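# A structural walkthrough
The residues making up each chain are set out below.
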Amino acid sequence: MRIVIEPLLLSLFCGIAFLPGLLAQEQETDDLWPLIESQLPEQVSDTSLQFIHSLVRGKCGDDYSCLYQNYSYVQSNLERVFNLPAALYVGVELIRIAKKANALDDEAEAHVDQYRFFDATGDPRLSMTSLEKAGQLFEKTGNLSRLTYVKQTQLQNSLAFRDIDEVLPKMDSLFEQAKSRGDTASITSLLIRLIDITKGHGRFEELESYLEALEHIATNKTGKEKHSIELRTTLGRVELAQSRGDLAEAIHQCQKILKILEKTQNRWFEYHSFQLLAEMEWERGNRATAKSYLEQAEQVAVGLDLLMQLGIVYGIKSRFAEEEGQPAKALAYLKQKLLYEEEWKSRSEGFNMQAFYLEQDKEQLEVEKQRQQLELDLKNNQLRNSIAIGGLLVLLALSLGIGFYYQRKRKTELRQQNILIQQQSERLRNLDETKSRFFANVSHELRTPLTLILGPIKSALGSGTLDNRNFTLLKKAQQSSEDLLKLVASILNLSKLEHGKLELRESAEPMFPLLQRIVSTFESHAERSGIELTFIYKAEKDLQLKIDREKVETILNNLLSNAFKFTAKSGKVSVTVADKGNALELVVEDSGRGISQNDLPKIFNRFYQSEEKNAPTEGGTGIGLALCQELVQLMGGSIRAESTVGKGSSFYVEIPRKEVMRTFAVEQSLERELLDGQEVGETARYAPVILEPDKGVNANRHRPTILVVEDNHSLRDYLYTILGTRFHVLTAENGKEALEILQSQKESSSSNKDIPPVSLVISDVMMPIMDGFQLMEKLKTDDRYNRLPLIMLTARADIRDKLKALRIGVDDYLTKPFDEEELLVRITNLLENYAIRQEALNEDAVPGKEIPAISEQDRQWLETFETYIKENLSNEMVNVPDLARQFAMSESSLLRQLKYLTGLTPAKYLLEMRLDKARQLLENHVYNSISQVASEVGYQDAKSFSRSFKNRFGKSPSEFMGRG
């Protein structure tokens, strides 16, 4: 069984390109329509509707825009209640006022509406005449999109006397023309029209191709336009399923229509879907379900006052009753059907369409006569008033001259004001950029003193020589320093957001343990402050979402810190998590003093402080909530606040719900916890070259010499302090001074036997006179120093991208702030490699001659060797015998060659390459899983990889992954 819409209603419900008809829309409330609706007569005549003109004219006067808008509004409501004669009556007035105002497009659109109404009332002659007039007007205005609509409508109507194979090629031609000019509206309306045509003529193969094309268009649309197209395509799918006898699929598609209707209100499709479902469920034998759907269709039709559709509903009820063997009920329903049809017909009685139009023509002739008489009167008056007009013209010219002078003067003043405003705007922009650069630069500079605070504190805490009081004091100092470091990171994140450089690093995360852990970090603070902390979780406990864990922590930490800050003792703070279907909602509530209504709209502004007169002075940076908003928006979510002074505040955060495979997320989470928990216990701590300082005059002979190049005096002293007990330390303030020290040491090395030559250089990046990059270039291009290992220190994480030229296994870099242990591990590894390389060079050196520089041939060989290893890092089968075969060398020759060039054995060199590649992957957040990184660099076991990584770099892989 197939069910189609009645042909009489197609023009009403299918005539507009994107919408199925004005009947399907909910109109805005207005004071005019209820008044008109209350006065509408039961039987419409050509004189009973004059009151509409009186009401509209009384509201708008001669204002064309107001008249056209209100007449259109009244007409659409008349169409909604199916009072088509009255809608036609209003349409004539719309055409008249548009023509008078020379608004050709408005006049054409009014004719299109008249076409639809005439077509629905069964008057093909007048409907075609209206459509023809609309086409002529659209052609005159050059509105190709609406002209295409007229032509496609004419072609569809011609199917009454033409074969479909004659019409379809012409429709396809219009379609190609629309595509060539990129006319999306026409393409969409043509596809809708082609779907109606092929559906009505049983051309289901072509119907499916047109449906697919329209469905593709829908993927690029949003909002009501998308839903409107989806309704049309889904209805087409219903017809397609019915043609194949697949009632289950047809019902499924109907239910999809109802799902779409939950997002956009369209009463016509709602009615039609319920009617289709009722008849199909009846055919499947689900009679109770069918009756339920039919009742819902009746409710929609009653609500819209659709008499014709109510007649159809009672016709179906009559058929159902007859098939159930209830003739009395069937007869009663049939009578009700006839009553609705009679009432529908009675609404048009007394309205003589031909007489109505003759009367309109007569009125038009009368207006034309009056116009001609006025023109004649005007010509007579022109002769009598010529002298007066001449005098007025002279006065007018004089006035215009004076007016032009003052206008020109005013324009000059305005131009000067505009220039001044532009200059002020540019100055404000420059100030804003200067402010942003200032905060960013200050944040970078703060990392150096933070290194000097955190480093010594950590060393002191780990010494084991402190009493409880001093240990507690230092622990508090460490916590405050870490809080300051977080603040610096927040400012840097705001700067990155401002320049579009902060990116999402999403990974699969189990939400319950993550959020519970974040909230639990505030439990001790809550106990100390006497505040009740509550965590309420209203989602699935094993819910796994793809989120940026670090940013979620930042957001929740900031909101909770604020909540505790403004909540007094015995107050309450709660965190509620709820699954909203398409988003996860986090609500942080407190019972604090609240936020004033004047401040509430501005609390997410950067650096905002309360403007209330009696507001307490509490400090704060004004960046916490601003950062929260920026981070939430970066994740595609939203944040808002509600507050009542004296009662508390609530912050609502919604994060897009990107659900992932649970097994994958659980694997990542367990892996992270496993590695983080085991690395500390299983990883060997650093082993310095000399564990205890030597005593006596010749102590320096037994200790390697390290040159520290740092312009910051305090950081230079700190490095001297932590390195001085293990190494001989030389210092320089910039790269130029460092080169002079190296040169002077080279020249005096033969006479000064107490101080060994420099074995390693530690250099800052940003320095005056000669920075770290310039120093690195000098060292690497000088044969005397190119073998010296170099560690670069930087406060800027993004500078690491510029350090790719550093040789693997020889050089390294650290981002401030760094740990003492991390620095010593790096130094130890580099010095061991340097010592091995020097030993290999000394074995091959000729007595009395300097060690030769690396030849160009050796450089090229090493570059080729490195390239091969980089390309095969993920292959765990790559080993020393394989490398020897690949480069046509014996294993001993390969060992000798690599030790000479890098100071590393082939196995150690391969390990260095793998670990350095892993460091790059972790720092750049290429992968979200440590096991993925391990696999990428040729490790089967993540725990083994984690141990090797910490031995090399002094930090675990998870610590590197968490860096900004």
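Structure: see above.
Here the structure is a predicted model, which is why all the values come from computation and not from measurement.

This brings us to the overall build of the protein. Helix and strand content of the protein: 36 helices and 12 strands. Across the 964 residues of the protein, 45% fall into the buried class. Long-range pairs, those at least 24 residues apart, make up 68% of the contacts in the protein with a sequence separation of at least 6. Summing over all exposed atoms, the protein offers an accessible surface of approximately 49300 Å²; the carbon and sulfur share of this is 51%.

A few words now on the packing of helix α7 (residues 124-141) against helix α8 (residues 144-157). The N-to-C vectors of α7 and α8 enclose an angle of 150°; their axes lie 8 Å apart at closest approach. It follows that α7 is roughly antiparallel to α8 by the angle criterion. α7 and α8 meet at a crossing whose hand is left-handed. Every residue of α8 that contacts α7 at Met128, Leu131, Glu132, Ala134, Gly135, Phe138 and Glu139 is listed here: Arg146, Leu147, Val150, Thr153, Gln154 and Asn157. When its residues are assigned to classes, the contact of α7 with α8 shows six nonpolar, four polar and three charged.

The next point concerns the pattern of salt bridges. Tallied over the full model, the rule gives 38 salt bridges. A salt bridge links Arg116 to Asp113; the shortest N-O distance between them is 3.1 Å. Here Arg116 pairs with Asp113, and both are found in helix α6 (residues 104-120), just three residues apart, close to one helical turn. Across the pair Arg203 and Glu206 runs a salt bridge, and its minimum N-O distance is 2.8 Å.

Turning our attention to the sheet that holds strand β9 (residues 728-732). Strand order in the open sheet made by the five strands is β9-β8-β10-β11-β12, with parallel pairing throughout. Every interior strand has two partners, whereas the edge strands, β9 and β12 (812-815), have only one. Strand-to-strand, the axes of this sheet are offset by a mean angle of 20°, without reference to chain direction. Relative to β12, strand β11 (residues 790-794) runs parallel, the two sharing four bridges. Within β12, the residue paired with Ile791 across the bridge is Asp812. Packing against the sheet, helix α26 (residues 713-724) makes contact with β8 (705-709), β9, β10 (758-764) and β11, and its axis sits at approximately 170° to β9.

Turning to the sheet that holds strand β5 (residues 583-590), a few remarks are in order. Ordered in space as β2-β4-β5-β7-β6, the five strands form an open sheet in which the pairing is mixed. Edge positions in the sheet fall to β2 (532-538) and β6 (638-644), since each has one partner strand and no second. Shown here is a sheet whose adjacent strand axes are inclined to one another by a mean of 10°, direction ignored. Pairing between β2 and strand β4 (residues 572-579): seven bridges, direction parallel. Following the sheet pairing, Ile536 is matched in β4 by Thr576. In the packing of helix α21 (residues 511-520) onto the sheet, the strands contacted are β2, β4 and β5, and the crossing angle to β2 comes to about 170°.

Right, let's talk about the side chain of Ser127 for a bit. Mapped onto the fold, Ser127 is located in helix α7. Setting aside residues no more than four positions away along its own chain, Ser127 makes contact with Tyr115, Phe118 and Asp119.

All right, on to the nonpolar core then. Core analysis: the largest hydrophobic core is formed by 71 residues, its most contacted members being Ile36, Ile52, Tyr71, Val74, Leu78, Tyr271 and Met280. The leading source of residues in this core is helix α5 (residues 84-100), at 10 residues. Among residues more than four places away in sequence, those in contact with Val74 are Leu32, Trp33, Ile36, Ile52 and Val90.

Attention now goes to the pairing of β6. Because side chains alternate across β6, one face comprises the buried residues Ile639, Ala641 and Ser643, and the other comprises Ser638, Arg640, Glu642 and Thr644, none of which is buried. Between β6 and strand β7 (residues 648-656), which pair antiparallel one after the other, the connecting turn spans three residues, and Gly646 there sits at a positive phi close to 90°.

One pass over the structure, following the stated rule, counts one disulfide. Note that Cys60 is cross-linked by a disulfide to Cys66, the S-S spacing being 2.0 Å. Across the S-S bond of Cys60 and Cys66 the torsion is about -60°, and the bridge reads as left-handed. A single burial state applies to Cys60 and to Cys66, both of which are buried.

In terms of backbone geometry, most residues other than glycine have negative phi values and most peptide bonds are trans. Unusually for a residue other than glycine, Asn102 sits at a positive phi of about 60°. Mapped onto the elements, Asn102 comes out in the loop between α5 and α6. Asn102 sits in the exposed class, given a relative accessible area of 56%. The backbone of Ile769 sits at a positive phi, close to 65°, despite the residue not being glycine. Summarising the element assignment, Ile769 is placed in the loop between β10 and α28 (772-780). The class for Ile769 is exposed, based on a relative accessible area of 66%.

With 14 residues, helix α27 (residues 735-748) should reach 20 Å at 1.5 Å per residue; the first-to-last C-alpha distance of 20 Å fits that figure. Buried positions along α27 lie against β8, β9, β10 and α28. Of the residues flanking the start of α27, the one acting as N-cap is Asn734, its side-chain oxygen 3.1 Å from the backbone nitrogen of Lys736.

What follows concerns the packing of aromatic side chains. Counted by the stated rule, this structure contains 19 aromatic pairs. Seen from their ring centres, Tyr314 and Tyr333 are 5.9 Å apart, and the 55° between their planes marks the pair as tilted. Remark: Tyr333 occurs in helix α17 (residues 327-346) and Tyr314 occurs in helix α16 (residues 307-323); sequence separation between them is 19 residues. With a centroid separation of 4.9 Å and 75° between ring planes, the pair formed by Phe512 and Tyr537 is classed as edge-to-face. With a gap of 25 residues between them, Phe512 in helix α21 and Tyr537 in strand β2 connect regions that are remote in the sequence. Accessibility classification places Phe512 together with Tyr537 in one group, the buried group. Clustering of aromatic rings is evident, with ring pairs tying together Trp861, Phe865, Tyr868, Phe887 and Tyr909. Above the plane of the ring of Tyr149 lies Arg146, whose end atom (NZ or CZ) is 4.6 Å from the centre. The ring of Tyr314 carries the charged tip of Lys317 above its face, separated from the ring centre by 4.7 Å.

In this model, helix α33 (residues 906-923) (18 residues) spans 26 Å end to end at C-alpha, consistent with the 26 Å of a helix rising 1.5 Å per residue. Along α33, 13 of the 18 residues are buried, which leaves the element largely enclosed by surrounding structure. Backbone geometry just after α33 places His925 at a positive phi near 55°.

Analysis parameters
- Residues numbered from 1 in each chain as written.
- Predicted model: local features only at pLDDT ≥ 70, side-chain atom pairs only at ≥ 80, totals over all residues.
- Heavy atoms only, no water.
- Helix = DSSP H or I, 4+ residues; strand = E, 2+ residues; numbered from the N terminus.
- Buried < 20%, exposed > 50% of the residue type's maximum accessible area, 1.4 Å probe, protein only.
- Contact = heavy atoms within 4.5 Å.
- Areas by Shrake-Rupley, 256 points an atom, 1.4 Å probe, with all protein chains shown as cover.
- Axes fitted to C-alpha atoms, helices over the stretch in contact; angles between N-to-C directions.
- Parallel < 35°, antiparallel > 145°, perpendicular 65-115°, else oblique.
- Left-handed = near helix turned anticlockwise from the far one by under 90°.
- Nonpolar A, V, L, I, M, F, W, Y, C, P; charged D, E, K, R; others polar.
- Salt bridge = Lys/Arg side-chain N within 4 Å of Asp/Glu carboxyl O.
- Pairing = 2+ DSSP bridges.
- Core = buried A, V, L, I, M, F, W, Y, C linked by side-chain atoms within 4.5 Å.
- Disulfide = S-S within 2.5 Å.
- Expected span 1.5 Å × (residues − 1).
- Polar contact = N/O pair within 3.5 Å; in protein donor to acceptor, adjacent residues only side chain to side chain.
- Phe/Tyr/Trp six-rings, centres within 6.5 Å; stacked < 30°, edge-to-face > 60°.
- Lys NZ or Arg CZ within 6 Å of the ring centre and 35° of its normal.

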